[in-house]
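Remarks on the overall topology
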Amino acid sequence: MIENIVSIVQENWLLLLIGQYPNGPLGGLASTFILSVLSIVLAFPVGILLALARLSPWRAVLWPATAFVYVARGVPLLMLILWVYFMVPLLIGRTVPGFVTMLVTLVLYEAAFLSEIIRAGILALGRGQMEAARSLGHGYFGAMRWVILPQALYNMLPSILSQFVSTIKETTLGYVINVPELTFAANQINNRLLTQPFEVFAILAIVYYVICWSLTKAATTLERRIAAKRAGTRRIAPELRPQALTAEL
Amino acid sequence: MSGFDVLAVLSNPEFAGMLIAGIQMTFVIAVGSWTLAMSLGFLLLVIRQIPVPIADRFVAAYVSYHRNVPTLVQLILWYFGIYSLLPEELQYWLSDHNAEVIFAIIGLGLCQAAYFTEDLRSGLRSVPKGQVEAARALGHGHISSMRYVLLPQAYRNALPALVNHSVSLFKNSSLAMAIGASELTHAVREVENLSFRTFETYAIATVAYLVCSLLIMAVGALLMKRAQVAGAR
Amino acid sequence: MSVSQDAAPAMIRFSNVNKHYGQYHALVDIDASVSKGEVLVVCGPSGSGKSTLIRTVNRLEEIDSGSITFDGREVSGRVGRADLNRLRSRIGFVFQSFNLFPHLSTLENITLSPIRINGVKKDLARTKAMALLDRVGLAEKANAYPAQLSGGQQQRVAIARALAMEPPAMLFDEPTSALDPEMVGEVLAVMKGLAAEGMTMICVTHEMGFAREVADRIWFMDAGRILETADPETFFTNPQHPRAQRFLSDLRH
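Residues numbered from 1 in each chain as written. Chains lettered and ligands numbered in written order. Predicted model: local features only at pLDDT ≥ 70, side-chain atom pairs only at ≥ 80, totals over all residues. Heavy atoms only, no water.

In the annotation of an unreviewed UniProt entry, chain B is listed under the name Amino acid ABC transporter permease and assigned to Antarcticirhabdus aurantiaca.

Labelled according to an unreviewed UniProt entry, chain A appears under the name Amino acid ABC transporter permease, originating from Antarcticirhabdus aurantiaca.

Set out below in structure tokens:
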């Protein structure tokens, strides 16, 4: 079995890595990676706006944002993929590649989850920070920009990284609408070989495991570091001597 | 195709029947895998308490695998991979008994057990050591201090995560469609193909999913309210 | 009862201010003013409305009726957002819990608002911030982060941060209540220095020694009302209101 696995990898590593590119669309792990990164990067600003809307006293923004978050939390991702698959061509008047369908879905879905993380981060700061910023004369958005968000986002970095791991795992659902990515590539290999499904999909599982495990590990390390920093272990860091300071000023 | 008309789908006995069958199958998969996941979650928690290093390592590896490999890949591995490794008689038997549903329940259940057992464990660990010590100092035995002091607090602490993961499990039941189980999302695609009423069909299914998810969240909120102690945050 | 017979123009004036929290009447018919350059200490039992009172001045708390003016301009009622921010930047506010921004260094805590709100050039803001830090005795902590400072040091930085906006008046909301006893002195010393320079100050505090030594006037509050206003000497030696008498005798025991 191990021999089979090795030979499958030897014969198909390029397909697993980049799909049929350059003879076809970019696929495989490269596509999975690009899809995940793009999704989380684009979802991020949307998530911040949603979080602010969810904390707003104005019903006109609070309610739609809340409804959106609950729909994303309560409806399977697969169902949302079907919606986007159906709606986007209707809205823009032409069909789009599966990659775009998946990207749009993931941006919406992840934005909802990121907004919950960011919102929790903001609430965890307590009222004092906002009050202090407002007392100094910052407006709401100035206080958010310079005081609240830098702290909330920093404290929530581990959760945001975990959400990135979730996103990687969610890209596998593109398989259902034939988006060329890693799971799709494995399925292609399986369809060609026909006789070794366990080996093929075990390879797939191992690849995902290695990637997600490493990132999860990074998230926990980061979490410990941030917790230590907040507890004030920074005291250990050498403080700047006065002469060094004047030089800098 | 005329305008938005949910009734055009719901009043058609064939379509309505397919959707209801889909919802039923979704429930079978969700309830089945939830039961499996919760039992297994407790079992893994108990195994972790065994004071042998290998026990802890085994559970840690179990959790790590199931949390770091996408659920869909786990299902595919079960249905296309492990299925093929089984003895032939068993394969025949399974294919006569909705193999895709059985594997969906096993795959989702084993996967979610990893989340549940971690939720339970962090619930236990979040109770300060002093609580059990105080109980023991008052003369409670091991069982008694567990029963009256440790577990009620652990339950309260674990509840929010357990509820969230139960909602995920319910949503993930839709993944069973990818291995051919005829649950709700699967039924939706069939009805859509036959009725050409994509919008209506999706809307019905979305509302059905949303109502069930919100119901789970509401039950969770109710349980949390009941477990809430005055003054505690 | 009006208590603003001073010759100096009023810096802060409360006119018939009322505030409720639901059923609870938190501020009752507050009608009083603070003159330019005056150091006022507000004292009274906890829950008497002292903190609420000074928090209404920069509108961290809204009032239900009446009006408040600051430096001759209306604070209460409908004030445009930009005006409110400008107003707040001119009122220095020091919190019981410091509320330094933990993600910024000491120096950055002080320069943030002058740079972002007043558009002061970075170099100038830093020079001024260093001067302020020097004044509160913390120049060597410019690059330290709040978590590296003691409570007393954090509160001194918080005062420097408020001063960086060059406010004509400073409000102190129990600035020493969250401090260990040995750190109270260093914060009070900074406040005394400010008072000596002629800063208009309202201090909500339980430090009666400070009140006696530094205050020009004392307001005694209980149950949302100002029950007594007096100069410190009179207040501490010969309080008029029975509740003030009881408050002071409780303090002594």
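After that view of the structure, there is still more to cover.
1. Some details on the interface of chain B and chain A
Formally: Contact between two residues is taken to exist if any of their heavy atoms lie within 4.5 Å; hydrogens are not considered. Put simply, buried area is the surface a 1.4 Å probe can reach on two separate parts but cannot reach once they are joined, added for both. Nitrogen and oxygen atoms within 3.5 Å of one another constitute a polar contact, given that in protein one can donate a hydrogen and the other can accept it, and given that sequence-neighbouring residues count only through two side-chain atoms. The way it works is that DSSP assigns letters per residue, a run of H or I at least four long becomes a helix, a run of E at least two long becomes a strand, and they are numbered from the N terminus. Residue polarity is assigned by list, with Asp, Glu, Lys and Arg as charged and Ala, Val, Leu, Ile, Met, Phe, Trp, Tyr, Cys and Pro as nonpolar; anything else, Gly included, falls into the polar class.
Counting residues at the interface gives 37 residues for chain B, matched by 33 residues for chain A. Taking both sides of the interface into account, the surface hidden between chain B and chain A amounts to around 3,100 Å²; carbon and sulfur atoms contribute 77%. Its largest share of buried area at the contact with chain A, chain B owes to Asn68, Lys171 and Tyr202 of chain B, together 20% of the area lost on that side. In this structure, the connection of chain B to chain A is made through nine residue pairs in polar contact (both at pLDDT 80 or more). Secondary structure elements with two or more residues in the side of chain B that touches chain A: helix H3 (53–68), helix H4 (71–85), helix H8 (142–172), helix H9 (184–195) and helix H10 (198–227) of chain B. With eleven residues, H10 of chain B is the single largest residue contributor to the side of chain B that touches chain A. Partitioned by chemical class, the residues of the side of chain B that touches chain A number 24 nonpolar, ten polar and three charged.

2. What about the interface of chain C and chain A?
Where the parts come together, the accessible area they lose is often given as the size of the interface. The criterion, for reference: Each reported salt bridge corresponds to a side-chain nitrogen of Lys or Arg within 4 Å of a carboxyl oxygen of Asp or Glu.
The interface of chain C with chain A comprises 33 residues on the first partner and 26 residues on the second. Three residues, His103, Asn143 and Gln148 of chain C, lead the burial of chain C against chain A; their summed loss comes to 20% of the area buried on that side. Here chain C and chain A share one salt bridge between them. Close ionic contact of arginine 55 of chain C with glutamate 131 of chain A constitutes a salt bridge, the shortest N to O distance being 2.5 Å. The tally of links between chain C and chain A comes to six residue pairs in polar contact (both at pLDDT 80 or more). Among the secondary structure elements, those contributing two or more residues to the side of chain C that touches chain A are helix H2 (81–89), strand E6 (91–94), helix H3 (106–116), helix H4 (122–135) and helix H5 (151–163) of chain C. Residue contributions to the side of chain C that touches chain A peak at four residues, all from H3 of chain C. Across the side of chain C that touches chain A, the residue classes tally to 18 nonpolar, eight polar and seven charged.

3. Quick look at unusual backbone geometry
Residue and element names in this part refer to chain A. A cis geometry characterises the amide bond from tyrosine 21 onward to proline 22, with omega recorded as 5°. Among the structural elements, proline 22 can be located in the loop between helix H1 (2–18) and helix H2 (28–54). One non-glycine residue, leucine 194, lies in positive phi territory at about 65°. Looking at the secondary structure, you find leucine 194 in the loop between helix H9 (182–193) and helix H10 (197–230).

4. Some words on the confidence of the model for chain B
Here is the rule: Confidence of the predictor at the level of single residues is given by pLDDT, which spans 0 to 100.
For chain B, the average pLDDT comes to 91, and 97% of its residues sit at 70 or higher. Two numbers describe this predicted complex: its pTM, 0.87, and its ipTM, 0.91.

5. Concerning the side chain of threonine 205 of chain C
Residues and elements named next belong to chain C. Structurally, the position occupied by threonine 205 is in the loop between strand E8 (200–204) and helix H7 (208–214). Polar contacts involving the side chain of threonine 205 include one to the main-chain amide nitrogen of glutamate 207, which spans 3.0 Å. Setting aside its immediate chain neighbours within four residues, threonine 205 contacts Val41, Val42, Cys43, Thr176 and Phe210.

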